[in-house]
Structure formats: structure tokens, C-alpha cells
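# Architecture and fold: a report
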There are 2 protein chains.
Amino acid sequence: MYEKQPYIILVEPQLAENVGMAARAMMNCGLYHLRLVHPREDHLSAKAISASSNAEEILYNAEVFDTTEQAIADLNYVLATTSRHRDQVKPVLNANRAAEILDEKIATGVKGGILFGPERTGLNNQDVCLSDAVINIPLNPRHCSLNLSQAVLLAGYEFHKLQIEAPDEQFVINHSDLADKEKVLQFCTYLENKLDDCGNFKEDEKRDKMVINLRNIFTRNQMTEQEINTLYGAINRLMRHSSH
Amino acid sequence: MYEKQPYIILVEPQLAENVGMAARAMMNCGLYHLRLVHPREDHLSAKAISASSNAEEILYNAEVFDTTEQAIADLNYVLATTSRHRDQVKPVLNANRAAEILDEKIATGVKGGILFGPERTGLNNQDVCLSDAVINIPLNPRHCSLNLSQAVLLAGYEFHKLQIEAPDEQFVINHSDLADKEKVLQFCTYLENKLDDCGNFKEDEKRDKMVINLRNIFTRNQMTEQEINTLYGAINRLMRHSSH
């Protein structure tokens with residue numbers, strides 16, 4: 001089921017809580033394969049499970065290895081996350097480009113993985129040199145140190161965005177279809193007539209300008225029929241009040 | 001200095017630690033304007049400062065308001081983050097599209113803000129209806145509840161990506177320029193000659209195929225001159241060993 005996705009490999013994570021939060025971030029991004037290299041604390045401790053916030057299945061299924069070499073042995077393409085500039089000859093990919101490459105490779109059957117270093121120090125040079133490329137997450141250079149789970153989240157988020165087809169922009173409809181222009185204009189005319197009925201408006205030199213403004217307000221709004229009915233109700237209520 | 005960026009508005013955050021972590025995420029993304037609506041705990045407590053991990057200037061400069069209405073009073077364009085589908089007629093923007101719109105509007109002098117709800121419940125309907133549009137962060141529908149600071153991070157990250165000009169892909173050079181093809185081919189020839197000197201190779205029927213393979217290995221690798229020198233050294237070392 002979850003074959004076409006990268007392995008998330010946490011190298012020597014220090015705190016069980018961070019492993020749990022990383023699992024939560026993975027599940028947020030639809031990633032389920034967690035590997036741990038020599039974790040300092042028990043990744044199945046109560047703290048870890050609690051921090052995972054219902055993503056404990058990822059912790060229970062996590063594979064534990066003694067060395068990074070073992071954790072990547074069966075993989076074909078490995079990326080290393082690091083925020084510091086390394087003195088290594090290696091392609092450096094932005095997080096979104098890295099996700100594209102991983103996605104393309106994994107789609108063709110390549111087994112891919114992403115390495116994340118320990119909380120305090122990040123990956124060491126020996127681990128970085130095992131990777132095909134480095135992922136650089138573009139952040140504020142004044143403050144680019146990320147919490148472990150947040151690094152997992154950003155890398156996973158970029159990958160996840162490629163897996164889904166979500167429209168950039170949509171309009172939520174509230175159990176009622178968008179009104180067509182006829183309904184909108186009917187409402188505008190109704191409002192204008194009611195204003196005329198109130199007197200003073202018909203003769204007002206600003207009437208034309210006000211009508212334009214009102215029509216602009218109500219036409220650019222993409223109203224639903226229900227909303228227009230609410231406006232009719234509001235107008236009628238206002239008029240009842242004024243007739244007292 | 002930091003005028004052209006959205007205000008991050010945390011509505012009734014529960015835990016000071018989460019406010020601190022949100023400040024850290026903001027600084028990761030180069031965002032410095034924090035507003036708090038009726039926070040339950042002191043956002044300048046030791047816990048908050050510690051969780052901010054050196055982003056305490058954001059906490060010290062945070063503005064505190066009693067109501068969401070007050071917190072957005074001077075803004076022109078407000079987005080609400082929510083993961084649940086709301087029964088409200090409102091445009092829904094993906095996080096990247098939301099960032100684009102914010103970026104465009106803010107560039108023209110519009111004051112923009114993003115609302116984030118309390119940890120446990122998210123924004124309530126009264127707060128959502130104050131916003132111009134809803135931001136939906138595309139996540140795993142099975143598990144889309146985000147920690148407060150992670151929601152701030154993802155929204156801020158999308159905005160930050162638009163502020164920087166980072167190449168998608170680059171090659172880090174290790175104090176030594178990439179070798180030109182002449183140097184690479186000189187090395188290949190050197191290696192082939194040395195192999196010939198070892199005997200058996202010149203007559204091997206697989207020689208041609210092996211030479212092609214070796215040349216492919218070394219030419220597609222974008223080696224630096226320093227790396228080629230390392231290879232010369234390795235070959236010479238191997239030959240010294242074999243001459244014993």
C-alpha cells in the first residue's frame with residue numbers, strides 16, 4: 001500500500017519525544033516507513049507514543065539499525081538533510097526539487113530514503129557522504145536550525161504535495177449553489193426599489209453613483225442563493241423596523 | 001525592516017511552550033510580527049522563551065489583544081488556517097496559493113495577517129468568518145491535525161520560499177574547480193595504461209567493454225580536480241602495493 005514513498009531515516013535521535021513528533025509529522029504527510037539508527041531512547045516509550053499523537057503505528061512498524069550503512073543498505077537513492085554548508089562535493093537540492101527527484105525515481109521502482117541527523121548536531125560528514133545528494137530546506141539564514149520533527153515535516157510536506165491533486169483555489173459552497181447573475185441583479189433591483197420607496201433617494205444626485213457601488217459590492221461577491229435570501233430577509237426586517 | 005510580511009496571529013493559544021515554538025518557526029521563515037489574542041499562559045514565561053530557541057525577540061515584540069477583532073483591526077487582508085471543512089462561504093486556498101496572494105497583496109502595501117486557532121480546537125466559526133479566505137494546508141486526510149507551531153511553520157515556509165531566490169539545484173565545490181574533460185580523459189587514459197601495464201588486460205576480450213564502463217563511471221560524475229588527484233594517488237598506492 002505504501003510502497004511508493006521514501007524511507008524516513010532518523011540517525012541517532014536523542015529524545016524519544018522527538019521521534020514520536022517526527023512520526024506524527026510523517027503521518028501528516030502520508031509517510032509510513034520509519035527507520036532509526038541507534039536511537040538513544042526507546043522509541044516505543046510512553047513519551048514517544050504520546051508525542052506521536054495517534055501516529056503510533058509508524059513507531060510500532062519502525063525498523064531499528066545499528067549503523068547508517070545498514071539502514072540504507074537496500075536503498076538505491078539517499079538524500080541527506082543538512083542546514084550547514086558542507087565541505088563535500090555533492091549536489092545540493094532545494095526541498096521541492098528534492099521531492100520532485102525522489103517522486104520521479106520512486107515511481108520507476110527506485111527505493112529512496114531521506115537521512116535526518118541527531119537533534120543537537122545534525123548529520124556528521126560520514127553520514128552525509130553516504131548520500132547521493134544533500135537537501136537544503138530554504139530558511140531564514142539568521143535562524144535556520146529546525147526541530148527534528150519540523151525538518152521531517154517540511155521534507156515530507158514537499159513530497160506529499162506531489163502525491164495529491166488539490167486545486168490551488170476553490171470556493172466552499174454552503175449547501176446552496178452559487179446564485180446566477182439573474183438572481184443577483186433581481187436582488188440589486190429589489191434593493192434599489194426599496195431605497196427609492198424610502199424617499200429622498202430617487203432625487204438624490206448621488207443615486208447613480210450609489211447604485212453602481214451597491215451593484216459592485218453585491219456582484220463581485222460570488223453569493224449563494226441562500227446568502228441572497230439572507231439579504232432579502234435583512235432588508236425586509238429593516239423596513240419593518242422603519243415602519244413602526 | 002520587516003514591513004512586507006504578514007502578521008502571525010495566534011488566537012487563544014493554550015500553552016506558552018507552543019507560543020515559543022511558533023515564534024521559533026516564524027523566525028525560521030523570516031517572519032517577525034506576532035500577535036496574540038487572549039493567550040492562556042504568559043508568552044514571556046521561561047518555558048516560552050526556552051521553547052523559542054533564540055527567537056525570543058519575537059516574543060518580546062509580540063502584541064497582545066483581547067479579541068480577534070482587535071487583533072485584525074488595522075489589517076486589510078486576513079487568512080484563517082483551518083483543517084476542518086467549514087460550513088462557510090469562503091474561498092479556500094492551498095498554502096502555496098495563499099502565500100502567493102499574500103505576497104502580491106503585501107507588496108502593494110496591503111497589511112496581511114494569518115489567523116491560527118487554539119491547539120485543541122482550532123479557530124471557531126466566529127473567527128473564521130472574519131477572514132477573507134481560508135488556508136487549507138494539503139495534508140494526509142487520515143491525519144491532518146497539526147501541532148500549532150507546525151501549522152505556523154508550513155504557512156510561513158510557503159511565504160518564505162517566495163522571498164528568496166535560491167537555485168533548485170546546485171553543486172557544492174570543495175575548494176577546487178570542476179575538472180575539465182581533458183583532465184578527466186587524461187585520468188582515464190592513465191588508468192587504462194596502468195591496467196595494460198598490469199598484463200592480461202590488453203589481451204582481454206572484455207577490455208573494450210571495461211574501458212567504456214570505466215570511462216562512463218568517471219565522466220558522468222562531475223569530478224573536481226582535487227578528486228581526480230585523489231584517484232591518481234589511489235592508483236599509485238595500489239601499484240606500489242602490488243609491486244612488493
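If you're wondering where the values come from, they're calculated on a predicted model, not measured in any experiment.

## Comments concerning the overall build of chain A
Helix and strand content of chain A: 10 helices and 8 strands. Over its C-alpha trace chain A gives a radius of gyration of 29 Å, far above what one expects of a compact globule, namely 18 Å for 244 residues. Referenced to the eigenvectors of the C-alpha coordinate spread, the extents of chain A come out at roughly 85 × 40 × 40 Å. A total of 244 residues make up chain A; the buried ones form 48% of that total.

## Here we look at the side chain of Arg24(A)
Its place among the elements puts Arg24(A) in helix H1 (residues 16-28). One buried charge, Arg24(A), has no salt-bridge partner; the nearest side chain with opposite charge is Glu17(A), at 9.7 Å.

## Some words on the side chain of Asp127(B)
The topology assignment puts Asp127(B) in helix H6 (residues 125-128). With residues near it in sequence (within four places) discarded, Asp127(B) still touches Val11(B), Thr68(B) and Leu115(B).

## A word on the environment of Ala80(A)
Residue and element names in this part refer to chain A. Mapped onto the elements of the fold, Ala80 is located in strand E4 (residues 77-81). Note on Ala80: relative accessible area 0%, which makes it buried. For the pair Ala80 and Gly122, spaced 42 residues apart in sequence, the C-alpha to C-alpha distance is 9.9 Å.

## Observations concerning the interface of chain A and chain B
On the side of chain B, 58 residues touch chain A, which itself brings 58 residues to the contact. Counting the contacts that link chain A with chain B gives 4 salt bridges. The residue Arg142(B) makes a salt bridge to Glu57(A) at a minimum N-O spacing of 3.0 Å. At the level of secondary structure, the elements contributing two or more residues to the side of chain A that touches chain B comprise H1, strand E5 (90-94), helix H5 (95-107), helix H7 (148-163) and strand E8 (169-172) of chain A. Among the residues making up the side of chain A that touches chain B, the classes are represented as 26 nonpolar, 20 polar and 12 charged.

## What to know about the pattern of salt bridges
Residues and elements named next belong to chain A. Counted under the stated rule, the structure contains 20 salt bridges over all chains. Two residues, Asp196 and Arg207, come together in a salt bridge whose shortest N-O distance is 2.9 Å. Here Arg207 lies in helix H9 (residues 207-219) and Asp196 lies in helix H8 (residues 181-197), a separation of 11 residues in the sequence. For the pair Asp196 and Arg207, a shared accessibility class is recorded, and that class is buried. In this structure, a network of salt bridges that share partners links the residues Arg35, Glu63, Asp74 and Lys111.

## A few points about the pairing of E4(A)
Residues and elements named next belong to chain A. The buried fraction of E4 amounts to 5 of the 5 residues, a majority that puts the element mostly inside the structure. Covered by surrounding structure in E4 are Tyr77, Leu79 and Thr81 together with Val78 and Ala80, the residues of both alternating faces. In this sheet, strand E6 (residues 112-116) lies alongside E4 in parallel orientation, the contact comprising 4 bridges. Each residue of the ladder has a partner; that of Val78, found in E6, is Gly113.

## Structural notes on the relation of the copies chain A and chain B
Expressed as a screw transformation, the operator carrying chain A onto chain B has a rotation angle of 180° and an axial translation of 0.0 Å, and the superposed copies differ by an RMSD of 0.1 Å. Look at the turn and shift together and you get a two-fold axis relating the two. A high fraction, 100%, of the interface residues of chain A reappear at the interface in chain B, so the copies pair face to face through one surface.

## Digging into the layout of surface pockets
Taken as a whole, the second largest pocket holds about 350 Å³ of empty space. Around the second largest pocket sit 13 residues that line it, and Phe171(A), Asn221(A), Gln222(A), Met223(A) and Val89(B) are the ones nearest its centre. Of all the secondary-structure elements, those providing two or more residues to the lining of the second largest pocket are helix H10 (225-243) of chain A together with strand E5 (90-94) of chain B. A total of 3 residues in the lining of the second largest pocket trace back to one element, the largest contributor, which is H10(A). For the lining of the second largest pocket, the per-class residue count stands at 6 nonpolar, 3 polar and 4 charged.

## Some points on the environment of Gln88(B)
Residue and element names in this part refer to chain B. Following the sequence through the fold, Gln88 ends up in the loop between strand E4 (77-81) and E5. Judged by its relative accessible area of 13%, Gln88 is buried. For the pair Gln88 and Cys129, spaced 41 residues apart in sequence, the C-alpha to C-alpha distance is 7.3 Å.

## Points about the nonpolar core
The biggest cluster of nonpolar side chains holds 86 residues, and the ones touching the most others in it are Leu10(A), Leu34(A), Leu10(B) and Leu34(B). For Leu34(A), the contacting residues outside a window of four places in its chain are Ile8(A), Leu10(A), Val19(A), Met26(A), Ile58(A), Leu59(A), Ala62(A) and Glu63(A).

## Considering a negative patch on the surface
Taken together, the side chains of Glu17(A), Glu41(A), Asp42(A), Glu17(B), Glu41(B) and Asp42(B) define an acidic patch exposed on the protein surface. Relative to the helices and strands, Glu17(A) is located in helix H1.

## Points about the packing of helix H1 (residues 16-28) of chain B against helix H7 (residues 148-163) of chain B
Residues and elements named next belong to chain B. The interhelical angle for the contact between H1 and H7, taken along N-to-C directions, is 15°, at an axis separation of 8 Å. Judged on the interaxial angle alone, H7 and H1 are roughly parallel. Considering only the axes of H1 and H7, their crossing is right-handed. Mapping the contact onto sequence places Asn18, Met21, Ala22, Ala25, Met26 and Asn28 in H1 and Leu148, Ser149, Val152 and Leu153 in H7. Tallied by class, the residues present in the contact of H1 with H7 amount to 7 nonpolar, 3 polar and no charged.

Parameters and conventions
- Positions within a chain are numbered from 1, following the residues in the order the chain's sequence is written.
- Each chain gets a letter, beginning with A, and each ligand a number, beginning with 1, in the order they are written.
- The predicted nature of this model means local features are confined to residues of pLDDT at least 70 and side-chain atom pairs, given and counted, to a pLDDT of 80 or more, with totals for whole chains, interfaces and linings taken over all residues.
- To obtain the side-chain values, all non-hydrogen atoms of the structure were included, while hydrogens and water were left out.
- Secondary structure elements are taken from DSSP: a helix is a run of H or I of four residues or more, a strand is a run of E of two residues or more, and numbering for both begins at the N terminus.
- We compute the radius of gyration from the C-alpha atoms alone; for a globule the expected value is 2.2 Å times N to the 0.38, where N is the number of residues.
- Burial here depends on accessible area, computed with a 1.4 Å probe over protein chains only, as a share of the maximum for the residue type. Under 20% is buried, over 50% is exposed, and the range in between is partly exposed.
- Charge counting follows a simple rule: Lys and Arg are positive, Asp and Glu are negative, and His as well as the terminal groups are ignored.
- The rule for a salt bridge is simple: a side-chain nitrogen of Lys or Arg has to be within 4 Å of a carboxyl oxygen of Asp or Glu.
- Residues are treated as being in contact if the distance between any of their heavy atoms lies within 4.5 Å.
- Gly is placed with the polar residues, together with every amino acid not listed as nonpolar (Ala, Val, Leu, Ile, Met, Phe, Trp, Tyr, Cys and Pro) or charged (Asp, Glu, Lys and Arg).
- At least two bridges found by DSSP between two strands are what make those strands a pair.
- Only residues with pLDDT of at least 70 in both copies contribute their C-alpha atoms to the least-squares superposition of the copies.
- With a 1 Å grid spanning the protein atoms alone, the term cavity applies to any set of points in which a 1.4 Å probe fits but cannot get out, the term pocket to an open set with protein on both sides within 12 Å along at least five of seven lines, and the term lining residue to any residue with an atom within 4 Å of a point.
- Grid points are joined across faces, edges and corners, and a volume is the space filled by probe spheres set on the points.
- Take the buried Ala, Val, Leu, Ile, Met, Phe, Trp, Tyr and Cys residues and link them wherever side-chain atoms come within 4.5 Å; each set so joined is a nonpolar core.
- Exposure above 30% relative accessible area and the absence of a salt bridge qualify a residue for a patch, where like charges join within 9 Å and nonpolar side chains (Val, Leu, Ile, Met, Phe, Trp, Tyr) within 5 Å.
- Only the protein chains shown count as cover for residues, and the accessible areas themselves come from Shrake-Rupley with a 1.4 Å probe.
- The atom standing in for a charge is NZ when the residue is Lys, CZ when it is Arg, CG when it is Asp and CD when it is Glu.
- Note on geometry: axes are C-alpha line fits, over the in-contact stretch for helices, and angles between N-to-C directions span 0 to 180 degrees.
- The scheme is simple: roughly parallel for angles under 35 degrees, roughly antiparallel for over 145, roughly perpendicular for 65 to 115, oblique for anything else.
- By the definition used in this description, the sense in which the near helix is turned from the far one sets the handedness, with an anticlockwise turn below a right angle giving left-handed and a clockwise turn giving right-handed.

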